[in-house]
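# Chains, contacts and geometry: an overview
The primary structure of each chain is shown beneath.
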Amino acid sequence: MVNMLERPPVRAVRETKAVGRRTAARLTLPTLLTLTAIVTIVPFAAMVMVAFAPPSGRTFPDALNPANFTLDNFSRVLSSSDIPRWTVNSLLYSLVSVVCVLLFASMAGYAFAKKKFPGREIMFWAFLATLMVPFQATLIPSYILVSRFDWVDSYWGLIVPTLANSQAVFLMRQFIMQLPDELFEAAEIDGASEWRIFTTIVVPLIRPVLATLGIFVFLWHWNDFLWPLVIGQSGKMQTLTVGLATLQTQAVPINQVMAGATITVVPSLLVFGLLQRYLTDSIAMSGLKA
């Protein structure tokens, strides 16, 4: 009888086990996130260290010595006559694509979300089904079509085929569908045109998602490699990603290649830093509306 009274209550045991599981879960998630962050950051840190290291310190652990850091690799890369041209090509390819993709996607998203016309759902889902087709499967037909327009090795051929972004249209449609219909009905009663409704009502309300999508589109095009490689057949039309890949075939030291790769990361960090506030606002608005 005494032993039975000394046993802890079953409820207390269960609560103790539940607390232990919650504590383990709280410790496991930060650990996994920390390990993921380390795995992600280590290659980037190695690239930066090798970029600043002298030719004699391009391997580890020699590249870890801060006393040997130098800017000679960056100066030699920037002094190359091709790097400025590649940078301009990458900026034009990325910035023009961002503007056009956001414009076309927002207009298409508004039409699919708020306008009623025959075949709307069929057209939308058919357009969305293109997401299941890998880009490699459409690479040759796209190249043949571009070549018939005589756009090979030109900005037209580089930019135009990438503007029809079904993923961007889907994101815009889902966001615009959450906007209240009363706003559009009131504007139509006041006699506002479709273009005025789009510019004065839709665009200001979707500004956070425009910034978020703009970050992704810029990164997609800035880091794009395959399509610029196929279209840019001359050195003057190569982008930074393609140009840096060609440096490895020209017996360029690995330190200078890493310096060029480090330079390509800077615009991405700047764009993300400038638009981070809008990205946070977009996530917060999506969470509130959900």
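Just so it is clear, the model here is predicted, and its values are computed rather than measured.

In contact at an axis separation of 9 Å, helix α5 (residues 120-128) and helix α8 (residues 166-176) are set at 135° when each is read in the N-to-C sense. Compared by their axis directions, α5 and α8 come out oblique. Two secondary-structure elements touch here, α5 through E121, F124, F127 and L128 and α8 through S166, V169, F170 and R173. Partitioning the contact of α5 with α8 into residue classes produces five nonpolar, one polar and two charged.

Let us now look at unusual backbone geometry. Even without a glycine there, the phi angle at D150 is positive, about 60°. Looking at the secondary structure, you find D150 in the loop between α6 (135-148) and α7 (155-159). D150 gets classed as exposed once you look at its relative accessible area, which sits at 65%. For D153, which is not glycine, the phi torsion reads 60° and is therefore positive. Examined against the element boundaries, D153 turns out to sit in the loop between α6 and α7.

A few words on a nonpolar patch on the surface. A surface patch of nonpolar side chains, about 370 Å² in accessible area, is lined by L32, L35, I38 and V42. With respect to the secondary-structure elements, L35 resides in helix α2 (residues 10-52). Given a relative accessible area of 48%, L35 falls into the partly exposed group.

With that settled, consider the UniProt feature "transmembrane region" (unreviewed entry) in the protein chain. Taken from the UniProt record, the annotation "transmembrane region" (unreviewed entry) applies to residues 31-53, 91-112, 124-144, 156-176, 197-220 and 257-275. Helix makes up 100% of residues 91-112 and strand 0%, and the two end C-alpha atoms of the span are 31 Å apart.

Below, the discussion takes up the packing of aromatic side chains. Per the stated rule, a full pass over the model turns up twelve aromatic pairs. Summarising the aromatic geometry, the rings of Y110 and F198 are spaced 6.1 Å apart at their centres and angled 45° between planes, so their arrangement reads as tilted. You can see Y110 sitting in helix α4 (residues 82-114) and its partner F198 sitting in helix α10 (residues 194-205), a full 88 residues away along the chain. Aromatic ring contacts, followed pair by pair, group F112, F117, F124, W125 and F170 into a single cluster. For the cation-ring pair, R173 lies above F124, with the distance from its terminal atom to the ring centre recorded as 4.1 Å.

Right, let's talk about the confidence of the model for the protein chain for a bit. In the predicted model, the protein chain carries a mean pLDDT of 80, and 80% of its residues have values of at least 70. When pLDDT is averaged over each helix and strand of the protein chain, the minimum, 48, is found for helix α1 (residues 2-6) and the maximum, 92, for α7.

Let us look at α8. Of all the positions in α8, only S166, A168, V169, M172, R173, F175 and I176 are classed as buried. A distance of 3.1 Å separates the backbone nitrogen of Q167 from a side-chain oxygen at the start of α8, and that oxygen is part of N165.

The next thing to look at is the pattern of salt bridges. When the charged atoms of two side chains with opposite charge come close together, those side chains can pair. Taken as a whole and judged by the stated rule, the model has five salt bridges. D181 is the salt-bridge partner of K114, the closest N and O atoms lying 2.6 Å from each other. Of this pair, K114 sits in helix α4 while D181 sits in helix α9 (residues 181-189), and the two are 67 residues apart along the sequence. Assessed through its relative accessible area of 19%, K114 is described here as buried. Note that E121 is salt-bridged to R120, the shortest N-O span being 3.3 Å. By relative accessible area, E121 is classed as partly exposed at 33%. Linked through salt bridges whose partners overlap, the residues forming this network are K115, E188 and E194.

Rules used in this analysis
Residues numbered from 1 in each chain as written. Predicted model: local features only at pLDDT ≥ 70, side-chain atom pairs only at ≥ 80, totals over all residues. Heavy atoms only, no water. Axes fitted to C-alpha atoms, helices over the stretch in contact; angles between N-to-C directions. Helix = DSSP H or I, 4+ residues; strand = E, 2+ residues; numbered from the N terminus. Parallel < 35°, antiparallel > 145°, perpendicular 65-115°, else oblique. Contact = heavy atoms within 4.5 Å. Nonpolar A, V, L, I, M, F, W, Y, C, P; charged D, E, K, R; others polar. Buried < 20%, exposed > 50% of the residue type's maximum accessible area, 1.4 Å probe, protein only. Patch = residues over 30% accessible without salt bridge, like charges linked within 9 Å, V, L, I, M, F, W, Y side chains within 5 Å. Areas by Shrake-Rupley, 256 points an atom, 1.4 Å probe, with all protein chains shown as cover. Salt bridge = Lys/Arg side-chain N within 4 Å of Asp/Glu carboxyl O. UniProt positions renumbered as here; feature names shortened; annotations may be inferred. Phe/Tyr/Trp six-rings, centres within 6.5 Å; stacked < 30°, edge-to-face > 60°. Lys NZ or Arg CZ within 6 Å of the ring centre and 35° of its normal. pLDDT = per-residue confidence, 0-100. Polar contact = N/O pair within 3.5 Å; in protein donor to acceptor, adjacent residues only side chain to side chain.

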